[in-house]
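# Structural characterization, general
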Amino acid sequence: MPLYIAKRVLMLVPILFVVVSLTFFLMRIAPGNPFSKDRKMPASVEKALLAKYNLDGTLWQQYTAYISDVARGDLRLSLRYKNRSVNEIIAQTLPVSLVLGALAFVMALAAGIVIGSLAAVRQNSPADAGLMFLALMAVSIPNYVTAPVLILFLAVSWHLFPIAGWGSWDQMILPAFCLSLPFAASVARLMRTSMLETLNQDFVRTARAKGLGEMRVVFKHALKVAILPVVTYCGPMAANILTGSLVVEEIFKIPGMGPFFVNSILNKDYFLAGGVTIIYCTLLVLLNLVVDVLYTFLDRRIRIG
Amino acid sequence: MKPRSENPTCRAWLRLRRNPAAMAGLCFGAIMVLAVLLGPPVLEWIHGDTYDKTSAAQYLPPSLRHPFGTDIHGRDLLTRVLYGGRISLAVGLVGATVSMTIGVLYGMIAGYFGGKIDEMMMRLVDILYSLPRIVFVMILIASLTGYIKVVLQQWGMLDFLGLASILLLFVGLGIVEWLTMARIVRGQVLALREKQFVLAAQSLGAGPLRIIFRHLLPNLTGIVVTYMTLTVPVVILEESFLSFLGLGIQAPLSSWGSLISDGAAVINPVRVYWWLVLFPGAVMALSLMSLNFLGDGLRDAFDPKNRRS
């Protein structure tokens, strides 16, 4: 197992190398440089600016210089936010995005698992049909629709929550809820299907025959097996929560990485976009590793090494 | 259709017809397509509204004349929602077709050849699964839009920028969503290639290409149609996500995503223009829901596990 984990962590190096290179060259397809949008500046000034940000020389020279900087952990200066380094921007905004993402992640899992299991226990009842209808609805409504609508009603009209901002608990509830809703619904749908299959298995019949209560059978015995598809879904879900947080942070004016990233792409802030992409990919690759390891603990039939 | 045929597609159709949610989805989808195609010309004929016709009637709430109200430039929102629906649905369909083509080819090659090739190809899919693919599409689209703009400027054809950005979305979104399709097709092909008819074809001297396209592909129809139905809403969601962030459809063209984005941008505590968010959002959500219902129904209908019913 330690060998397996070490191997997977080492895989991060080639993956990040490809990711950095891809981002670097993709950003350079666009003509012009980040400064050519501003007022016409004297050629000497532009040259000095390009030199300051290591944007002079051929594309290949710039690329190799950038790669070696990144390898040393220096993500360089942002091209748009004057005199702020990418490392600094990420250090300030990453914790905010992490808290929001983790909150949404936990909420989606908790709500999805409970709702899905209950729907499975009451299969074909009106409650099951209603819950699954709601779940399919929630899957179909993106969070950039729920967020403005909930802001309009809960915050603007009824003053139940603050409209935007970040810091206190009541400011976190609404964005985390909007972000988690579609994923809670997906988890619930997965959970229901898998729980239905599990409840038909022999060990569940044995548990029932022992005289255990239904809730104990479902949440103590069946859940351990039925949760496996949900665990596999955790990886893709994390990636989707991450992209979802780009818009949720934008709408709720949360000072996370999302708005910085979107602006960096629109403004050709090469190094900020590159840096944030590196962070995103590292986070997700590591999270997927955690999920895979967790899976082997839950499903003893699988051995990795 | 009478229950005379024993062919699997026919049986699946019979099962689908007994699923009210899926049939409702199918009907609503058909109505939506008709509305999107016929709505704009009809509205133009009645009121003279087009998607980019501005007027002084700014921010009118819904009324008989403007059932969905009007936006900041006094444009009729219903017209814009229907017009945007054309773009959103087209992007969804074409994007799903692109991803289906890639996914089916990839999955069939991996599944048919198996062994080392399969392992490598599927490892790549695993890695791509764990990365935020849409992030790369965002960068790709932003850069290529800048590039195309310069090229079109040189040719003096800047009017085609809108069209070019739609084409870009077709491809950009098509190349992100093929992973699920590839996995599913591979799984199916792995099972299918052990079947006797493949052995028969091989012993008759058929090459891999012929077996893949003539013998395996027809057996994948059900599953491919099902997952394509489920991919369309995903691609529409992604298009609207990009348009929401200002990377997709550019004004004055509209898509559901860009309309929602416009509506969300004017949210403020003083004046509430609820219709600008609610109507585009509701139309989009209903369309996606109907597609998801249909997809779920198709999956159940083609599922060999409930053959008996």
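Note that this is a predicted model, so its numbers are computed, not measured.

Helix and strand counts for chain B come out as 12 helices and zero strands. Ordered by position from the N terminus, the helices and strands of chain B form the series α-α-α-α-α-α-α-α-α-α-α-α. Residues counted as buried form 43% of the 309 residues belonging to chain B. A fraction of 70% describes how many contacts in chain B between residues 6 or more apart in sequence connect residues 24 or more apart.

Attention now moves to the interface of chain A and chain B. A common way to express how large an interface is: the accessible area buried when the components associate. Contact residues are listed per partner, giving 40 residues for chain A and 39 residues for chain B. Secondary-structure elements contributing two or more residues to the side of chain A that touches chain B are helix H1 (2-29), helix H5 (126-140), helix H6 (143-157), helix H10 (228-251), helix H11 (257-266) and helix H12 (270-298) of chain A.

Predicted confidence across chain A gives a mean pLDDT of 83, with 97% of residues reaching 70 or more. Averaged pLDDT values for the elements of chain A fall to 75 in helix H2 (residues 43-52) of chain A and rise to 89 in helix H4 (residues 86-121) of chain A.

The contact between H5 of chain A and helix H12 (residues 275-302) of chain B brings their axes to 8 Å, and the two run at 120 degrees. One way to sum up the angle between H5 of chain A and H12 of chain B is to call them oblique. Between H5 of chain A and H12 of chain B lies a crossing of right-handed hand. Taking contact as the criterion, the partners of Leu 136, Met 137, Val 139 and Ser 140 of chain A in H5 of chain A are, on H12 of chain B, Ala 285, Leu 288, Met 289, Asn 292 and Phe 293 of chain B. Taken together, the residues of the contact of H5 of chain A with H12 of chain B sort by class into seven nonpolar, two polar and no charged.

Turning our attention to helix H3 (residues 59-71) of chain A. In this model, H3 of chain A (13 residues) spans 18 Å end to end at C-alpha, consistent with the 18 Å of a helix rising 1.5 Å per residue. One or two residues past the end of H3 of chain A sits Gly 73 of chain A, with phi positive at roughly 85 degrees.

A word on the nonpolar core. With 160 residues, the main nonpolar core has Val 187 of chain A together with Met 138 and Ile 139 of chain B as its most contacted residues. It is helix H7 (residues 169-199) of chain A that provides the largest number of residues to this core, a total of 16 residues.

Moving on to helix H11 (residues 256-265) of chain B. Across the 10 residues of H11 of chain B, nine count as buried, placing the element largely inside the fold. When we look at burial in H11 of chain B, the residues that qualify are Trp 256, Gly 257, Ser 258, Leu 259, Ile 260, Ser 261, Asp 262, Gly 263 and Ala 264 of chain B. Summarising the contacts, the buried residues of H11 of chain B are in contact with H6 and H10 of chain A together with helix H3 (77-113), helix H10 (221-244) and H12 of chain B.

Before going further, it helps to examine the environment of Val 176 of chain B. Residues and elements named next belong to chain B. Position of Val 176 relative to the elements: it lies in the loop between helix H6 (161-174) and helix H7 (179-192). Between the alpha carbons of Val 176 and Gly 281 there is a distance of 24 Å; along the sequence they are 105 residues apart. In contact with Val 176, not counting residues within four places along its chain, are Arg 133, Ile 134 and Val 137.

Let's shift gears to the packing of H4 of chain A against H12 of chain A. All names here are of chain A. Across the interface, H4 lies against H12 with an axial gap of 10 Å and an inter-helix angle of 50 degrees. Of the possible angle classes, the one that applies to H4 and H12 is oblique. Of the two possible hands of crossing, H4 and H12 adopt the one that is right-handed. Residues Val 86, Ile 89, Ile 90 and Leu 94 of H4 lie in contact with H12, whose contacting residues are Phe 271, Leu 272, Gly 275, Val 276 and Ile 279. In terms of residue class, the contact of H4 with H12 is built from eight nonpolar, one polar and no charged.

Moving on, we come to unusual backbone geometry. What is expected of a backbone is that most residues other than glycine have negative phi and most peptide bonds are trans. Residue and element names in this part refer to chain A. Of note in the backbone geometry, Lys 253 takes a positive phi value of approximately 50 degrees without being a glycine. Within the element layout of this structure, Lys 253 appears in the loop between H10 and H11. In this model, Lys 268 sits at a positive phi of 55 degrees, which is unusual for a non-glycine residue.

Conventions adopted
- Residues numbered from 1 in each chain as written.
- Chains lettered and ligands numbered in written order.
- Predicted model: local features only at pLDDT ≥ 70, side-chain atom pairs only at ≥ 80, totals over all residues.
- Helix = DSSP H or I, 4+ residues; strand = E, 2+ residues; numbered from the N terminus.
- Buried ≥ 20, exposed ≤ 12 C-beta atoms within 10 Å, placed from the backbone.
- Contact = placed C-beta atoms within 7 Å.
- pLDDT = per-residue confidence, 0-100.
- Axes fitted to C-alpha atoms, helices over the stretch in contact; angles between N-to-C directions.
- Parallel < 35°, antiparallel > 145°, perpendicular 65-115°, else oblique.
- Left-handed = near helix turned anticlockwise from the far one by under 90°.
- Nonpolar A, V, L, I, M, F, W, Y, C, P; charged D, E, K, R; others polar.
- Expected span 1.5 Å × (residues − 1).
- Core = buried A, V, L, I, M, F, W, Y, C linked by C-beta atoms within 7 Å.

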